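The chain contents come next:
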Amino acid sequence: NIENFPIPFSAVATDVFKNEEVHFCDGDFYTALRASSAIPGMVTPVAIGQQLFVDGAVVNPLPLNAITKTPGMILVAVNLHGYTANNNDDADTKKQRTPGFIDMLNIAYDFTQQRLIQMMIEKHQPHILVQIPRNVCGGLDFHKAQELIEAGRVAFGKAIQAAAIV
């Protein structure tokens, strides 16, 4: 159970019926993890009693509000919607096209997520902000685990240098 972990842990999910952020700070770890990572349209929502849960990022993509800062603590935030990585594409040679219906929905969702993240960072001011480029993978690119772990290491190294803490 989560409450038996040696360090505090909270999984953040979205209650679909109440449109609110829910923090799983105790109880079954597997259930909390499933509820907090049920990506709408890709992963089946998790029903617990009369509640239905999906990914917490639906209402809060960077839940810094779940952390209580204490003296001497270093708050590290990992933004999975970071700036787009340059894939050495020549922007002048790419044809611009008008996005289709689904693309526009994704673009609008991404803009909303980015704005929520920006507001959370401004309000809670992490000491170290790790920016993972949004285009480094897709939502189902689990087969790229080693590549993504390395991208995370590189991003963390840059964030540490930028923060000048260590």
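One can find the structure itself at the top, above this paragraph.
Quick notes on the rules
- Residues numbered from 1 in each chain as written.
- Predicted model: local features only at pLDDT ≥ 70, side-chain atom pairs only at ≥ 80, totals over all residues.
- Heavy atoms only, no water.
- Pairing = 2+ DSSP bridges.
- Helix = DSSP H or I, 4+ residues; strand = E, 2+ residues; numbered from the N terminus.
- Axes fitted to C-alpha atoms, helices over the stretch in contact; angles between N-to-C directions.
- Contact = heavy atoms within 4.5 Å.
- Phe/Tyr/Trp six-rings, centres within 6.5 Å; stacked < 30°, edge-to-face > 60°.
- Buried < 20%, exposed > 50% of the residue type's maximum accessible area, 1.4 Å probe, protein only.
- Salt bridge = Lys/Arg side-chain N within 4 Å of Asp/Glu carboxyl O.

Enquirer: Looking at this model, I keep getting lost on the sheet that holds strand E2 (residues 20-24). Mind explaining?
Expert: Think of a sheet as strands paired side by side through backbone hydrogen bonds, with each pair either parallel or antiparallel. Taken together, the 4 strands give an open sheet; going across it, the order is E2-E1-E4-E3, and neighbouring strands pair in antiparallel fashion. Edge positions in the sheet fall to E2 and strand E3 (46-48), since each has one partner strand and no second. The average undirected angle you get between the axes of adjacent strands in this sheet is 40°. Sheet topology places strand E1 (residues 11-15) next to strand E4 (residues 51-55); 3 bridges connect them, and they run antiparallel. Across the sheet, residue Thr14 finds its bridge partner in E4, namely Val54. The sheet contacts of helix H1 (residues 29-36) involve E1, E2, E3 and E4, and relative to E1 the element is tilted by about 55°.

Enquirer: Please clarify how the packing of aromatic side chains should be interpreted in this entry.
Expert: The geometry of an aromatic ring pair is captured by the separation of the ring centres together with the interplanar angle, meaning the angle of the planes. For the structure shown, the criterion picks out 4 aromatic pairs. The interplanar angle of 65° and the centroid separation of 5.5 Å between the aromatic rings of Phe9 and Phe29 together place this pair among those described as edge-to-face. Taken together, the residues Phe9 in the segment before E1 and Phe29 in helix H1 connect sequence positions 20 residues apart. Residue classification places Phe29 among the partly exposed positions, given a relative accessible area of 31%. Feature note: the residues Phe5, Phe9 and Phe29 constitute an aromatic cluster, connected by ring pairs.

Enquirer: Would you mind going over the pattern of salt bridges with me for this structure?
Expert: Working definition: two side chains of opposite charge can pair if their charged atoms are close together. For the coordinates displayed, the defined rule picks out 3 salt bridges. Linking Lys144 and Asp141 is a salt bridge whose minimum nitrogen-to-oxygen distance equals 3.7 Å. A salt bridge links Arg153 to Glu150; the shortest N-O distance between them is 3.5 Å. Remark: Glu150 and Arg153 occur in helix H3 (residues 145-163); sequence separation between them is 3 residues, near one turn of the helix. Note on Arg153: relative accessible area 55%, which makes it exposed.

Enquirer: How do you make sense of the environment of Val136 when you look at a structure like this?
Expert: With respect to the helices, strands and loops of the structure, Val136 is situated in the loop between strand E6 (128-133) and H3. Note on Val136: relative accessible area 22%, which makes it partly exposed. The spatial distance from the C-alpha of Val136 to the C-alpha of His23 is 28 Å, given a sequence separation of 113 residues. When residues no more than four places from it in sequence are discounted, the contact partners of Val136 are Leu148 and Ala151.

Enquirer: What is the right way to look at the environment of Asn1 in this model?
Expert: Position of Asn1 among the secondary structure elements: in the segment before E1. Sequence separation between Asn1 and Ala32 is 31 residues, and the spatial gap between their C-alpha atoms is 9.9 Å. Contact partners of Asn1, with chain neighbours within four places excluded, come to Gly27 and Asp28.

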